[in-house]
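Topology and contacts: notes
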Amino acid sequence: MKEQLEAIQEEALEKVSLVDSPKELQEIRVTYLGKKGSLTKVLKGMGKLSKEERPVIGQIANQVRDTITGALDEKAEKLERAALEQKLEEESIDVTLPGRPVRVGGPHLLTDIVEEIEDLFIGMGYEVKEGPEVETDYFNFEALNLPKNHPARDMQDTFYITNELLLRTHTSPVQARTMQEYKGEKPVKMICPGKVYRRDTDDATHSHQFTQIEGLYVDKNVRMSDLKGTLDKFAKKMFGEEREIRLRPSFFPFTEPSVEMDISCKVCHGEGCSVCKGTGWIEILGGGMVHPKVLEMAGYDPTVYSGFAFGMGPERIAMLKYGVNDIRGFYTNDVRFLKQYHKA
Ligand code: PHE
């Protein structure tokens, strides 16, 4: 029996030394030490031994089991370590390799311009408002002193959805909405950027959809000189301190008097050149003093309150500021166009 045990030990150790996977190792463990394993079988036969032999053989059997167990454990640990090392090696990265360039996007040129204008007016105490693009005929026209069949509605060819619903042709309805919200009780100082729609045929200077920024200031004693001062500040901040503005008489049904604002041409400084078509001035926006009827309809007493309003097109501002000569560049999303204007 002793020889048998020694043979088992020798065989098991030999096998352990040869395997190189945890699975095979487990198989060996079962073959020798498992319930039906060869060592277990031998031990089961110990009952037949004499009283004297039993403790001797028992001791040897225990030793054999401990030796095999020890060898199995040691090998298991070795295999585990080797596997870990291999994994670490496979996953190691070469930090000296140059990285793949990551292309970073940026805000659209129009977004940048709108934000720049917003910041400028926020700095002058204005709040930023929004209004719906699908607007009622009432807010887009009637509340702005443009009753049904008013000829000036033709100035803005309109996409109608129903008789009463349309795509707003300008951001001016937000003037009326904000004044109504404030119930004629407190001053209004807001700007409103947003998309507007007109039935235009798209070309280099026209688009059926474009953006506007509306401005409205209503308070006691607001005067035309306030409008002029505000627009002058805006023009100088936006285009450069050396730029001059001029106001020309114009017409809008919702302002009286109405003006159109020009800035001096940056190329010829008023002399006249091809950029300003020989006039020395470039048209930028429309505005005026809020018509008393518009104030009244929105709940403001025109004998107490007065105000000014203006509306400008960020596309036009961006085109002048950066020399963009086709408005379609803003909407076709050609990255070659857009990335020229990404701020670093
Ligand atoms: N809503 C006018 C337009 O789209 C611009 C404007 C706004 C004029 C506010 C006067 C006052 O042409």
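Residues numbered from 1 in each chain as written. Predicted model: local features only at pLDDT ≥ 70, side-chain atom pairs only at ≥ 80, totals over all residues. Heavy atoms only, no water.

Around the ligand sit 15 residues, and of these His170, Ser172, Arg198, Gln212 and Glu214 come closest. In this structure, a nitrogen atom belonging to the ligand sits 3.0 Å away from a side-chain N or O atom of His170. Arg198 is positioned with one of its side-chain polar atoms (N or O) 2.9 Å from an oxygen atom of the ligand. About the coverage of the ligand: the protein hides 92% of its 330 Å² of free accessible area. Judged by its atoms lying within 2 Å of the grid points, the ligand is housed in the largest pocket. Elements that contribute at least two residues to the shell around the ligand include exactly strand E5 (209–219), strand E8 (281–290) and strand E9 (306–312). Here the element with the most residues in the shell around the ligand is E9; it accounts for three residues. Residues of the shell around the ligand, tallied by class, amount to four nonpolar, nine polar and two charged. (Near = heavy atom within 4 Å. Polar contact = N/O pair within 3.5 Å; in protein donor to acceptor, adjacent residues only side chain to side chain. Areas by Shrake-Rupley, 256 points an atom, 1.4 Å probe, with all protein chains shown as cover. 1 Å grid on protein atoms, 1.4 Å probe; cavity = no way out; pocket = protein on both sides within 12 Å on 5 of 7 lines; lining within 4 Å. Sits in = over half its atoms within 2 Å of the grid points. Helix = DSSP H or I, 4+ residues; strand = E, 2+ residues; numbered from the N terminus. Nonpolar A, V, L, I, M, F, W, Y, C, P; charged D, E, K, R; others polar.)

To continue, consider the pairing of strand E4 (residues 188–197). Extensive coverage of E4 is indicated by the burial of eight of its ten residues. With two bridges joining them, strand E1 (residues 127–128) and E4 adopt parallel strand pairing. Across the sheet, residue Val128 finds its bridge partner in E4, namely Ile191. (Buried < 20%, exposed > 50% of the residue type's maximum accessible area, 1.4 Å probe, protein only. Pairing = 2+ DSSP bridges.)

Turning our attention to the sheet that holds E5. Pairing is mixed in the open sheet, where seven strands are placed in the order E1-E4-E5-E9-E8-E7-E6. Every other strand in the sheet has two partners, leaving E1 and strand E6 (245–252) as the edge strands with one partner each. Relative to E5, E4 runs antiparallel, the two sharing ten bridges. For Val196, the partnering residue across the bridge sits in E5 and is Phe210. Contacting E1, E4, E5 and E9, helix H5 (residues 109–122) runs over the sheet at an angle of about 165° to E4. (Contact = heavy atoms within 4.5 Å. Axes fitted to C-alpha atoms, helices over the stretch in contact; angles between N-to-C directions.)

This part covers the nonpolar core. By size, the foremost hydrophobic cluster in this structure holds 42 residues, and its most contacted members are Phe234 and Met312. Elements supplying a minimum of two residues to this core: H5, E5, helix H8 (224–239), strand E7 (255–264), E8, E9, helix H10 (314–322) and helix H11 (335–338). The element best represented in this core is H5, accounting for seven residues. Leave out the neighbours within four places in its chain, and Met312 touches Ile117, Phe121, Thr211, Gln212, Ile213, Phe234, Ile284, Leu285 and Ile317. Core analysis: the next-biggest nonpolar cluster, separate from the first, contains 22 residues, Phe141, Ala152, Leu216 and Ala309 among them. (Core = buried A, V, L, I, M, F, W, Y, C linked by side-chain atoms within 4.5 Å.)

Across all of its chains, the model carries twelve aromatic pairs by this definition. Between Tyr322 and Tyr341, the aromatic rings sit 5.7 Å apart at their centres with planes inclined by 55°, giving tilted as the arrangement. Taken as a pair, Tyr322 in helix H10 and Tyr341 in the segment after H11 lie far apart in primary sequence, 19 residues in all. Take Tyr341: its relative accessible area is 17%, and that puts it in the buried class. (Phe/Tyr/Trp six-rings, centres within 6.5 Å; stacked < 30°, edge-to-face > 60°.)

The next point concerns a negative patch on the surface. A cluster of acidic side chains, namely Asp154, Asp157, Asp200, Asp202 and Asp203, defines a negative patch on the protein surface. Here Asp154 shows up in the loop between helix H6 (137–140) and strand E3 (165–167). (Patch = residues over 30% accessible without salt bridge, like charges linked within 9 Å, V, L, I, M, F, W, Y side chains within 5 Å. Salt bridge = Lys/Arg side-chain N within 4 Å of Asp/Glu carboxyl O. Lys, Arg positive; Asp, Glu negative; His and termini not counted. Charge placed at Lys NZ, Arg CZ, Asp CG, Glu CD.)

In this structure, the largest pocket occupies an estimated 1400 Å³ of space. The wall of the largest pocket is formed by 46 residues, among which Thr205, Glu283, Ile284, Gly313 and Arg316 lie closest to the centre. At the level of elements, E5, E7, E8, E9 and H10 are the ones that each hand at least two residues to the lining of the largest pocket. Element by element, the count of residues in the lining of the largest pocket is highest for E8, at seven residues. (Points joined across faces, edges and corners; volume = space filled by probe spheres on them.)

Here we come to the packing of helix H2 (residues 22–33) against helix H4 (residues 53–91). At a closest axis distance of 10 Å, the pairing of H2 and H4 adopts a crossing angle of 170°. By the angle between their axes, H2 is roughly antiparallel relative to H4. Taken together, the residues of H4 that come into contact with H2 (itself represented by Pro22, Leu25, Ile28, Arg29 and Leu33) are Arg65, Ile68, Thr69, Leu72, Asp73, Lys75, Ala76 and Leu79. (Parallel < 35°, antiparallel > 145°, perpendicular 65-115°, else oblique.)

Turning our eyes to something else, we now look at the environment of Arg198. Assignment of secondary structure puts Arg198 in the loop between E4 and E5. Here the side chain of Arg198 touches Thr169 through a polar contact of 2.9 Å, landing on its backbone oxygen.

Here the focus is unusual backbone geometry. Backbone torsion omega between Glu256 and Pro257 reads -5°, so that peptide bond is classified as cis. Although it is not a glycine, His269 adopts a positive phi angle of roughly 50°. Despite not being glycine, Lys277 shows a phi value in the positive range, around 50°. Tracing the backbone through its elements, the reader meets Lys277 in the loop between E7 and E8. Judged by relative accessible area, Lys277 falls into the exposed class, the value being 74%.

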